[in-house]
Amino acid sequence: MMRFLLLFSRQGKLRLQKWFTPIPEREKKKIVRDMTTMVLARKPRSCNFLHWKDLKIVYKRYASLYFCCGLDAEENELIALEMLHRYVELLDKYFGNVCELDIIFNFEKAYFILDEFLLGGEIQETSKQVVSRAIEASDMLQEAEIDNSDYDLELGWP
Amino acid sequence: MPAPIRLRELIRTIRTARTQAEEREMIQKECAAIRSSFREEDNTYRCRNVAKLLYMHMLGYPAHFGQLECLKLIASQKFTDKRIGYLGAMLLLDERQDVHLLMTNCIKNDLNHSTQYVQGLALCTLGCMGSSEMCRDLAGEVEKLLKTSNSYLRKKAALCAVHVIRKVPELMEMFLPATKNLLSEKNHGVLHTSVVLLTEMCERSPDMLSHFRKVWLLVPQLVRILKNLIMSGYSPEHDVSGISDPFLQVRILRLLRILGRSDDDSSEAMNDILAQVATNTETSKNVGNAILYETVLTIMDIKSESGLRVLAINILGRFLLNNDKNIRYVALTSLLKTVQTDHNAVQRHRSTIVDCLKDLDVSIKRRAMELSFALVNGNNIRGMMKELLYFLDSCDPEFKADCASGVFLAAEKYAPSKRWHIDTIMRVLTTAGSYVRDDSVPNLIQLITNSVEMHAYTVQRLYKALLDDISQQPLVQVSSWCIGEYGDLLVSGQCEEEEPIQVTEDEVLDVLEGLLLSNLSTPVTRGYSLLGEILNRIKKVVSVYGSSIDVELQQRAVEYNALFKKYDHMRPALLERMPIMEKTASNGPTEIVQTNGETEPSVPDTKHPPLVTQPANQANDLLDLLGGNDVVPVIQTTLPTKPASAGGELLDLLGDLSLSGGPAPAPVPSVPVSQPPFLLDGLSSQPLFTDIAAVIPPMTAYNKNGLKIEFTFERANPNPNIAVITIHATNTTEADMTEFVFQAAVPKTFQLQLLSPSSNIVPALNQGSITQIIRVLNPQKQQLRMRVKLTYTHKGLPVQDLAEVNNFPPQSWQ
């Protein structure tokens, strides 16, 4: 299973953190620090795999964002790369030519998309369309609520 | 109270902060606003506020005061609230928090919600971070959802079940019935998650595993699904670069691996499909190689036929030539796993693997190094070592230590000749000397002493290396030690294998002195150097260290000084060559015994020191360094043999004795002087001079007709002029000797005192003895002589005998 997924910028700023096992807050911060240090130190054309403690670390850079996940030792690193790529594709489909700013300003949506793709550290849906449709439907549900509500559009929605 | 600012607004504002302090200020201000908003229990803005809190949490600021608010959001009826609430719960409310359990009821309700997206949220949250208690409480709901026909929920329920099983393994059984029909689904999401669920069950329970194999006949089912995937035409929904649903393929291959492991039937059932996947998968993109990789792992792990295994290793071999670094890395890792079992097949790719040592990527280099060491054997040792030494020269420092260790190990196992071995080790020391492990120095020294014929060659080479460079500590240590040991060979210029170099003693000393003076030398190195110096000129240098700060150096210096001053006659023996050391296992800590002056930490009991018993006649000097406080060595003088006294006084014992034919003195027996304890075990302080002649050997005084009388001696204290003799009479005949009386007479210059015997029966067949004590006073220290008279009854007949006892050991009367 995947233990965690982190997105961080070239300057080491965290943009998304998903943890699939219970870890104390302090240790999460340490892992984030370790990952950013290790990954940012890698030379440009190195391979995308690292060893860290008993985990395999798979990372890939997309424009200004690093996608970094920690896997159990028996996982297939090459398919993990495909998994990261699939997530980027999903983001891209949703935001349209996704860039780091989209993730910064709509981080909660990035999480929602992730939660339709992975669950408990495993892939729950292998079809891009099915994931996208689920997100769209959820968004529509949200908008319907706002439409139907008595609240001013400005108020309710984050 | 104005409306709290919107999320995106906050994000924009915070990003304008130019310093950390400015950001902190903004955050604190907003947190305060949020807190008061929470206090007001305002439903409207709760969602917005929690969302902002989550953003600030991601920046690293504390957000625990939002935990309860998340719970309230989850409990809300609005989907918007629930979405943010569950997200907040997943970020802030893991099982370590007190309020975690409060979620249970909400989740339970939402699992039964009419809207599937709400159910989805609940399943997702439970499946990501539900605690064991929560899982226990809600497992039933999950199981229900596992049976629903709604594939959107079914796939989530399957992964939720995986999480429940991970947290509470005992609950595995309850999911079994619902799992059965999962594989008949067409929906890929459900298929994928079902395979994950089955995998989890198989990994946790061997019973389940065999149940799946035998009862459910899982293998043929999976094979069929996989086959459909491969054979089916293009499916836009699941296609990745021309491959249909690679994620599902990989998961199925992984489950097949577990099912086929150590099971012949299952392995056979999957042989064909594995071969098919291995040969037909498109390899131009990463995704195809990912599937091939999983296939190879499966083939190697199950009981596949040899043809298939060779196919797998060849795939790995092709991977090694791939331009993609990731593929090469993965290949090296897999080969490392299989090198033990399929050694020969992997050997075929040795040259490619060795080429990877030159790769630019650090991870690949490391894997290649590990694999190269695994492939070294007796046949390829020379070639491989060349490559590995070249690698050692040029690699990053992070590799050097491991590489050096690997080289030593390999050299030890497969060295084709001693000279090659020594050359190899020297090469390592010169190129990577500062990275070698501490025990490599003693190891090398041991190796050198063992290769006696190489001493001259070794010491020459080491000397030359030392001339070039004294910065590498291990090399310097070994060199100084060798020069100390074999310096004479060096100076004499003999060497068969290399051209002899003319080295004078002075030159050697120059080098060694240079070492001592060099700031680069650690105290240990200097210690080694001190040992090496053997000529008079050294005294000056050594005495400097007599007041060194380092205790060990000081001690050695003082001892050497003492050695030079007083004990000339002992020096040759002291400075003798070290004997050949026994080899200890290369893995264990090497413990060396050095007997000519240094000792290093303890010798294991099982190892018998090769040098212990020197005949006591030789000057046997052991500087017991770490033993008692005495620096003066234990001295054992040899016992001079006393000539027989040719002209002695007439012994007028009973008239007809003559002295001229004095018996030859008994040969000087070897004095079994107590040896100083070897090394460190319980070093008791040794007496300065051992007691000379502490023990006088016994003698046979009379031996006739089956009666044997032995004399044993003691020195009486306090008067050394009195010899106390104990007689032991034994009887080898079958009949007792009764009424046994022993009488003795000595020359006039002596005085004799006979004490009572223990009995007067000497039992037959050595079953006992009579003892009697004689005290002889010998003030003039003359040679002791005695006449004895024996009377006894044997087999009814009286027996009487006279005898002379002349063979007294000299110690008894000196």
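Everything below is about the structure printed above this text.
Definitions and cut-offs
- Position numbers for residues start from 1 in each chain and track the written sequence from start to end.
- Each chain takes a letter, starting from A, and each ligand takes a number, starting from 1, following the order in which they are written.
- Residue-level local features of this predicted model are given only where pLDDT is at least 70; pairs of side-chain atoms are given and counted only at 80 or more, and the full residue set underlies all totals for whole chains, interfaces and linings.
- Only hydrogens and water are removed before side-chain values are computed, so all heavy atoms of the structure are retained for them.
- Secondary structure elements are taken from DSSP: a helix is a run of H or I of four residues or more, a strand is a run of E of two residues or more, and numbering for both begins at the N terminus.
- Residues count as neighbours in contact if any of their non-hydrogen atoms are within 4.5 Å of one another.
- Every accessible area reported is derived by Shrake-Rupley at a probe size of 1.4 Å, with residue values counting cover from the shown protein chains alone.
- Note on pairing: two strands pair once DSSP finds at least 2 bridges between them.
- Axis definition: a line fit to C-alpha positions, over the contact stretch in the case of helices; interaxial angles, taken between N-to-C directions, run 0 to 180 degrees.
- Within this document, salt bridges are pairs made up of a side-chain nitrogen of Lys or Arg and a carboxyl oxygen of Asp or Glu, the two lying within 4 Å of each other.
- Here the term buried applies to any residue with accessible area under 20% of the maximum for its type, exposed to any over 50%, and partly exposed to those in between, with areas from a 1.4 Å probe on protein chains only.
- Working definition of a nonpolar core: buried Ala, Val, Leu, Ile, Met, Phe, Trp, Tyr and Cys residues. They are joined through side-chain atoms within 4.5 Å.
- Patch definition: residues above 30% relative accessible area lacking any salt bridge, with like charges linked at up to 9 Å and the nonpolar side chains Val, Leu, Ile, Met, Phe, Trp and Tyr linked at up to 5 Å.
- Note on charges: Lys and Arg go in the positive column, Asp and Glu in the negative column, and His and the chain ends are not counted at all.
- For charged residues, the charge sits on one atom: NZ in Lys, CZ in Arg, CG in Asp, CD in Glu.

### With respect to the overall build of chain B
A tally of helices and strands in chain B yields 32 helices and 10 strands. Of the contacts formed within chain B by residues at least 6 apart in sequence, a portion of 67% connects residues at least 24 apart. In the structure as shown, chain B presents an accessible area of about 37100 Å², 51% of it carried by carbon and sulfur atoms.

### Comments concerning the side chain of B:Asn49
Position of B:Asn49 among the secondary structure elements: in helix α3 (residues 43-59). Apart from the residues within four sequence positions on either side, B:Asn49 is in contact with B:Pro4, B:Ile34, B:Ser37 and B:Phe38.

### Quick look at the sheet that holds strand β6 (residues 737-745) of chain B
Residue and element names in this part refer to chain B. The 3 strands lie next to each other as β6-β9-β10, forming an open sheet whose pairing is antiparallel. With partners counted over all chains shown, the strands left at the sheet margins are β6 and β10 (797-805), one partner each. Averaged over all pairs of adjacent strands, the angle between their axes in this sheet comes to 15 degrees, without regard to strand direction. With 7 bridges connecting them, β6 and strand β9 (residues 786-794) associate as antiparallel partners. Note that in β9 the partner of glutamine 743 across the bridge is lysine 789.

### Digging into the pattern of salt bridges
Taken as a whole and assessed by the stated rule, the structure comprises 43 salt bridges over all chains. Overlapping salt bridges, with partners in common, bring together A:Glu122, B:Arg166, B:Glu200, B:Arg204 and B:Arg251 in one network.

### Section: the pairing of strand β2 (residues 14-19) of chain A
Each regular strand carries side chains that alternate between the two faces of the sheet. Residues and elements named next belong to chain A. Most of β2 sits out of view: 6 of its 6 residues are buried. Pairing of strand β1 (residues 2-9) with β2, which is carried by 5 bridges, proceeds in the antiparallel orientation. Bridging from a neighbouring strand, leucine 5 pairs with lysine 18 of β2. Hairpin connection between β1 and β2: a loop of 4 residues separates the two successive antiparallel strands, and glycine 12 in this loop has a positive phi of roughly 85 degrees.

### Digging into the nonpolar core
The biggest cluster of nonpolar side chains holds 238 residues, and the ones touching the most others in it are A:Tyr87 and B:Phe212. Here this core gets 11 residues from one element, more than from any other, and that element is helix α2 (residues 77-95) of chain A. Leave out the neighbours within four places in its chain, and B:Phe212 touches B:Leu176, B:Leu198, B:Met201, B:Cys202, B:Leu217, B:Leu218 and B:Leu259. By size, the runner-up hydrophobic cluster in this structure holds 29 residues, among which are B:Leu707, B:Val762, B:Leu784 and B:Met786.

### Let's talk about a negative patch on the surface
Residue and element names in this part refer to chain B. On the surface, Asp264, Asp265, Glu268, Asp272 and Glu305 cluster together to form a negatively charged patch. The residue aspartate 265 is located in helix α15 (residues 264-280) in this model. Judged by relative accessible area, which is 62%, aspartate 265 ranks as exposed.

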